[in-house]
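# A closer look at the structure
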Amino acid sequence: MLRDIARAKIELMTYGMNVSETARKTIEGNEKRPLTLADYASTSGISMVLEKNIWVNAPIKDYNPNFVGKTPYTLDFRNGRFFVSSNGIEFEAKPVPVPSYHNGKAQSGEPYRNLAITHTDRVRISPIEGCAIACQFCDLPYEFRYRKKHVTDLVESIRTALSDPIQPAKHVLISGGTPKPEDYRYENEVYRAVASAFPKIDVDVMMVPMPNLLDIQRLKDTGIHGLSINLELYNQDIARRIMHSKWKASRERYLDFIQEAIPIFGEGNVRSLLMVGIEPLEDTLKGVEALAERGCDPVLSPFRPDPSTPMRNEKPPRVDFLVEAYEKAKEIVDKYKGVKLGPRCIPCMHNTLTFPDNSGSYRYS
Ligand code: SF4
């Protein structure tokens, strides 16, 4: 059974939290730093590390007025320390600050914020702004027009993020939007440029395995460390409705791609995200099993309705639903040697149903 801080993490993801004036002013500091860059549906809140090394991204009303209403949780600051309290119980929390480069600019004049975003210890770049396809839970196609970013700007932004004096990134994720077919070559050029510019840093790629976009062996030879090939949903009727283009790419294609990638990238280096709370739990668990039996780490990501998407008025999944999802998924992955609920990076667990354990499989970069 999940207890105390682990359950609090799930409740924080579900209900969000208030931020006291003192906590707000302390996080903002004299420089008036934002509380969060709120750049993506599942990273719209404040990231914090709680006791027992449990990381969470807790939504706040500023960015999620669509579902953060009356919440029992409040982030407060007293005597030089942050606390999260709820109904008389409180525990220490350490909010992760927005890095100092967030309002800087690349040499070209492009704001870094358009190029790179650091979440906990990982910097994420999105070579494509917007997306060639539209999934109804994702803010990218609804907030940004499609465009390619300059490769040199992207590399420069990563270099800056890695040496940030407040919150230096330790590893890199190159993620979507999905490129148009005519930009597949460009996308692969970004992978090559980043991996060769930072040979000592782990660089992962999160992408849709569209035909002719990703070449598994070439990615490995280029120096890419790991892959995130996200199924998102397992139920095909719901997938067809909500993420039509990804559904058209075919679930079997995703699974075949993942199976092919495992021996090349190795245990723990291929993961796939499943969103929890949009489809029935039994479907999500079928997805967990399909991934685990291929040797892939499933990553459970609670659905967080983004205000800019067509799903803005949906409710996030209930706490008990998430607890059950976590416990049943863990039972499944425990049957498969070498498979864990992902991600393996402990700070990157902040928006997922994953908790560090003593297995030695989870790590800091
Ligand atoms: S493919 Fe990825 S980036 Fe594009 S809309 Fe879907 S989830 Fe968002």
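Residues numbered from 1 in each chain as written. Predicted model: local features only at pLDDT ≥ 70, side-chain atom pairs only at ≥ 80, totals over all residues. Heavy atoms only, no water.

This part takes up the overall build of the protein chain. Check the secondary structure of the protein chain and you find 11 helices and 15 strands. Against the 2.2 N^0.38 benchmark of 21 Å for 365 residues, the protein chain shows a C-alpha radius of gyration of 19 Å, consistent with a compact globule. Taken along the three principal axes of its C-alpha coordinates, the protein chain extends 55 × 50 × 40 Å. Here the protein chain holds 365 residues, and the buried ones make up 59% of them. Nonlocal contacts in the protein chain, meaning residues at least 24 apart in sequence, comprise 69% of its contacts between residues at least 6 apart. Taken as a whole, the protein chain presents about 15600 Å² of accessible surface, with 47% of it coming from carbon and sulfur. (Helix = DSSP H or I, 4+ residues; strand = E, 2+ residues; numbered from the N terminus. Rg over C-alpha atoms; globule rule 2.2 N^0.38 Å. Buried < 20%, exposed > 50% of the residue type's maximum accessible area, 1.4 Å probe, protein only. Contact = heavy atoms within 4.5 Å. Areas by Shrake-Rupley, 256 points an atom, 1.4 Å probe, with all protein chains shown as cover.)

Moving on, we get to the site of the ligand. Taken together, Cys-131, Ile-133, Cys-135, Phe-137, Cys-138, Leu-140, Pro-141, Gly-177, Thr-178, Val-208 and Lys-246 make up the full set of residues near the ligand. Residues of the shell around the ligand, tallied by class, amount to 8 nonpolar, 2 polar and 1 charged. (Near = heavy atom within 4 Å. Nonpolar A, V, L, I, M, F, W, Y, C, P; charged D, E, K, R; others polar.)

By definition, the strands of a sheet pair up through backbone hydrogen bonds, in either a parallel or an antiparallel sense. Pairing in this open sheet of 7 strands is mixed, and the strands run E7-E8-E11-E12-E13-E14-E15 from one edge to the other. In this open sheet, the two edge strands, each paired with only one partner strand, are strand E7 (116-119) and strand E15 (297-302). Ignoring which end each strand starts from, the neighbouring axes of this sheet average 25° apart. By the bridge criterion, 3 bridges tie strand E12 (residues 203-206) to strand E13 (residues 226-228) in an arrangement that is parallel. Pairing of Met-206 across the sheet is with Ser-228, part of E13. (Pairing = 2+ DSSP bridges. Axes fitted to C-alpha atoms, helices over the stretch in contact; angles between N-to-C directions.)

Read these as spatial facts, not as claims about activity.
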